[in-house]
Amino acid sequence: MSVKVMVVDDSAFSRVMIADALAEGGYEVVGEAESIDTLIETYDSCKPDVITMDIAMPGADGFECSKNLILHDPKVKIILVSSMKDEETEQEARRIGIAGYVQKPVEAEALLTVINSVLAPDTMYQTLDEFGVGVFKEALAQSVTRMTKTTATFAEDNECCNNASQEITVVIGIIGRYSGNMIVALSAETANKMTEIILRREAKSREEVVGLAAEFANVVGGIACSMLNKKEKAFGLRVAPPSVFYGGATEVVSPNIKCHNTYADTEFGRIYLSVGFKKGSVLWM
Amino acid sequence: MDVNAINPILDAFAHILPQVGFQVVEKKAISLESSCLRNPGMIINIGVMGPLKGAILIGMDVESAKQFASKMMMGMEVVELDSLAQSAISEMGNMVCANACTNFSQSGMGGLDISPPTLLIGKDAMIKLSVPKVIGVTFAVDGIRVDVFVGLF
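From a predicted model like this one, the values you see are computed outputs, not experimental measurements.

Asker: Could you give an account of the overall build of chain A, naming the residues involved and the relevant values?
Answerer: If you tally the helices and strands in chain A, you get 8 helices and 16 strands. Along the first, second and third principal axes, the C-alpha set of chain A runs to 75 × 35 × 35 Å. Burial analysis of chain A (285 residues in total) assigns 46% to the buried set. Intrachain contacts of chain A at a sequence separation of at least 6 include 67% that bridge at least 24 residues.

See the structure below:
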């Protein structure tokens, strides 16, 4: 079955050039849009596998059109096709979630290579998705042992996007080739007991317990990301400073991310762990 | 962090919101908060790394979040803050922060990167950020109150 492509470009000439390049690879242009006006309607009616997107268009530019498409369907695969190629353009495109980039004038070989790569299975992401949670579990177990001299036992993984809400929830953003989130959640009682063991005295305040939970999660995230970076340097993972939610029931949701949820039983109580990474292998030509 | 340094984030907010269905974005108030905040009902947490580190949070009460999501989805009725509404709102947060990184880069601070958004829903939970001070900015977006908290160092 041939790959279905939708072309977004205000220039009829460019649309023809891109269609010709695609035809060389036996790919089919199933829809065209020249502005934001007919963008979503065309996308819905032609259901393409991939979209080529010009940047400079009158009215809404390619970035704005891409944002609208991603809002409409987070799984959409967009390849920027533009004469502009600079670091700023590239960074903005990556952050928005654009999958690839081809410079104009379009060369058939480059365009087809990027399309094939964007549509191919992302093996590096698959590796991270498959092994990442195991590494985070190991990091959590190590951290429990190092900080409290006790052990942690894990349950089987349960894949779903809702994290069990506890009285203390630590959210840590992960940044790198694949960005993601790690969430560590525990009851106030568990956190209190951990604090007592680590400080060898009762916690003086709730702030001290919350601070301990943040530090614990930060250590777990840091160790896990270092271990993953050692396995695959190209991951380049780093953890952002933790945000801690406490003192009220909180539902935690990471939209559009496949999360692995699990929990560890410790001497202090149960510690919930949720880890997920966003897909988004990018190829730029 | 210097209050003026949040301008790239405020500019991003004013730039992106009209692109996702809003007409009027008004800055109502700006305040310096401690690192401890209260969740108004729903908050988007986005981690930031690079020359500045920390988190950007965007919060609103649950009813406002439903109205907000409805506007983003071209007026579709939003009775519950379901997965579609959550996805729309978190994508807005991602776009604002991504654009803010671009604005920082244009003003000479490149290399910032952001984590995917996490939504935390639950009225009155407290939030402790890993920064000494947080800058809070209250917006009215087509009349909907939205609070942006910037905790970067």
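Asker: Give a description of the overall build of chain B that names residues and reports values.
Answerer: What chain B contains, in helices and strands, is 3 helices and 7 strands. Seen through its principal axes, chain B has C-alpha atoms that stretch 40 × 30 × 25 Å. Across the 153 residues of chain B, 52% fall into the buried class. Excluding contacts between residues fewer than 6 apart, the proportion of contacts in chain B whose partners are at least 24 apart in sequence is 67%.

Asker: Describe in detail the interface of chain B and chain A, supporting the description with residues and values.
Answerer: Contacts between the two partners involve 40 residues from chain B, matched on the other side by 40 residues from chain A. Sorting the residues of the side of chain B that touches chain A by element identifies strand 2 (42–49), strand 3 (54–60), helix 3 (83–106), strand 4 (113–114), strand 5 (118–121) and strand 6 (126–141) of chain B as the ones contributing at least two each. Ranked by residue count, the leading element in the side of chain B that touches chain A is helix 3 of chain B, at 12 residues. Where strand 13 (residues 251–253) of chain A lies against strand 5 of chain B, 3 bridges are found, and the strand directions are antiparallel. Opposite Val252(A), over in strand 5 of chain B, you have Leu120(B) as the bridge partner.

Asker: If you had to explain the environment of Lys85(A) to someone new, which residues and values would you point to?
Answerer: Among the structural elements, Lys85(A) can be located in the loop between strand 4 (78–82) and helix 4 (87–96). In this structure, the C-alpha to C-alpha distance between Lys85(A) and Cys259(A), residues 174 residues apart in sequence, is 34 Å.

Asker: Outline unusual backbone geometry, listing residues and values.
Answerer: Residue Pro105(A) is reached from Lys104(A) by a cis peptide bond, and omega for that bond is 0 degrees. Relative to the assigned elements, Pro105(A) resides in the loop between strand 5 (100–103) and helix 5 (108–119). A positive phi is found at Arg200(A), a non-glycine position, where the angle reads about 60 degrees. Here Arg200(A) shows up in the loop between helix 7 (188–199) and helix 8 (206–231). In this structure, Asp142(B) is a non-glycine residue whose phi angle is positive, near 50 degrees.

Asker: So what's going on with helix 5 of chain A? Residues and values would help.
Answerer: Residues and elements named next belong to chain A. Taking 1.5 Å per residue as the helical rise, helix 5 with its 12 residues ought to reach 16 Å, and the 16 Å between its terminal C-alpha atoms agrees with that figure. Looking only at helix 5, the buried set comprises Leu111, Val114, Ile115 and Val118. Projection of helix 5 onto a plane perpendicular to its axis shows the buried side chains occupying an angular sector of 100 degrees, all on one side.

Asker: Can you lay out the confidence of the model for chain A for me, pointing to particular residues and giving the numbers?
Answerer: As a general rule, the predicted coordinates of low-pLDDT regions are not to be interpreted in detail. Taken over all residues, the pLDDT of chain A has a mean of 89, while the share at 70 or more is 94%. Every residue in residues 281–285 of chain A scores below 50 in pLDDT, and together they form 18 contacts with partners more than four places removed in sequence or on other chains.

Asker: Requested: an account of the pairing of strand 14 (residues 258–266) of chain A, with residues and values cited.
Answerer: All names here are of chain A. Burial runs high along strand 14: 7 of the 9 residues are buried. Where strand 6 (residues 152–154) meets strand 14, 3 bridges bridge the pair, whose relative direction is antiparallel. For Phe154, the partnering residue across the bridge sits in strand 14 and is Ala264. As paired strands, strand 14 and strand 15 (residues 269–277) are joined by 9 bridges and run antiparallel to one another. Paired with Asp265 across the bridge in strand 15 is Arg270. Connecting strand 14 to the next strand, strand 15, in antiparallel fashion are 2 residues.

Asker: Run through the domain arrangement of chain A, naming residues and quoting values.
Answerer: Interface size is commonly expressed as the accessible surface area that is lost when the partners come together. Here chain A is partitioned into domain 1 (4–119) and domain 2 (123–284). Placing the centre of domain 1 of chain A and that of domain 2 of chain A at their C-alpha centroids yields a distance of 37 Å.

Asker: Please provide a residue-by-residue account of the nonpolar core, values included.
Answerer: Residue and element names in this part refer to chain A. Counting 139 residues, the largest nonpolar core has Ile79, Val170, Val184 and Ala213 as the members making the most contacts within it. Residue assignment places this core across two domains, with domain 1 (4–119) and domain 2 (123–284) each supplying three or more. Excluding its chain neighbours within four sequence positions, the residues that come into contact with Val170 are Ile183, Val184, Ala213, Ala214, Ala217, Pro242 and Val244.

Asker: I'd like a rundown of the packing of helix 4 of chain A against helix 3 of chain B, residues and numbers included.
Answerer: Between two packed helices, what matters for the description is the angle formed by their axes and the separation of those axes. Running from amino to carboxyl end, helix 4 of chain A crosses helix 3 of chain B at an angle of 165 degrees, the nearest separation of the two axes being 9 Å. One finds that helix 4 of chain A runs roughly antiparallel with respect to helix 3 of chain B. Helix 4 of chain A and helix 3 of chain B meet at a crossing whose hand is right-handed. Every residue of helix 3 of chain B that contacts helix 4 of chain A at Glu88(A), Gln91(A), Glu92(A), Arg95(A) and Ile96(A) is listed here: Ala98(B), Cys101(B), Thr102(B), Ser105(B) and Gln106(B). Its residues assigned to classes, the contact of helix 4 of chain A with helix 3 of chain B comprises 3 nonpolar, 4 polar and 3 charged.

Rules and cut-offs
Here the residue index of a chain counts from 1 through its sequence in written order. Chains carry letters and ligands carry numbers; both start at the beginning, A for chains and 1 for ligands, and go up in the order they are written. Selection of residues for local features in this predicted model requires a pLDDT of at least 70, selection of side-chain atom pairs for listing and counting requires 80 or more, and totals for whole chains, interfaces and linings are taken over all residues. Where helices and strands are cited, they refer to DSSP runs of H or I of at least four residues and of E of at least two residues respectively, numbered from the N terminus. In this scheme the burial state of a residue depends on its C-beta neighbours within 10 Å: 20 or more other such atoms mean buried, 12 or fewer mean exposed, and anything in between means partly exposed; the C-beta positions come from the backbone. Here, residue contact means that the backbone-derived C-beta atoms of the two residues sit within 7 Å. The rule for pairing is simple: two strands pair if DSSP sees at least two bridges between them. Multiplying one less than the number of residues by 1.5 Å gives the expected span of a helix. Starting at the helix axis, one direction is taken to each C-beta atom, and the arc is that of these directions. The quantity known as pLDDT measures the predictor's confidence residue by residue, on a range of 0 to 100. Domains are outlined according to an automatic or database domain assignment. We define the nonpolar core as any set of buried residues of the types Ala, Val, Leu, Ile, Met, Phe, Trp, Tyr and Cys, connected via C-beta atoms lying within 7 Å of each other. Note on geometry: axes are C-alpha line fits, over the in-contact stretch for helices, and angles between N-to-C directions span 0 to 180 degrees. For classification purposes, angles smaller than 35 degrees are called roughly parallel, those larger than 145 roughly antiparallel, those between 65 and 115 roughly perpendicular, and all remaining angles oblique. Each helix crossing is assigned a hand: it is left-handed if the near helix lies turned anticlockwise from the far helix by less than a right angle, otherwise right-handed if that turn is clockwise. Three classes are used: nonpolar for Ala, Val, Leu, Ile, Met, Phe, Trp, Tyr, Cys and Pro, charged for Asp, Glu, Lys and Arg, and polar for all others, with Gly counted as polar.

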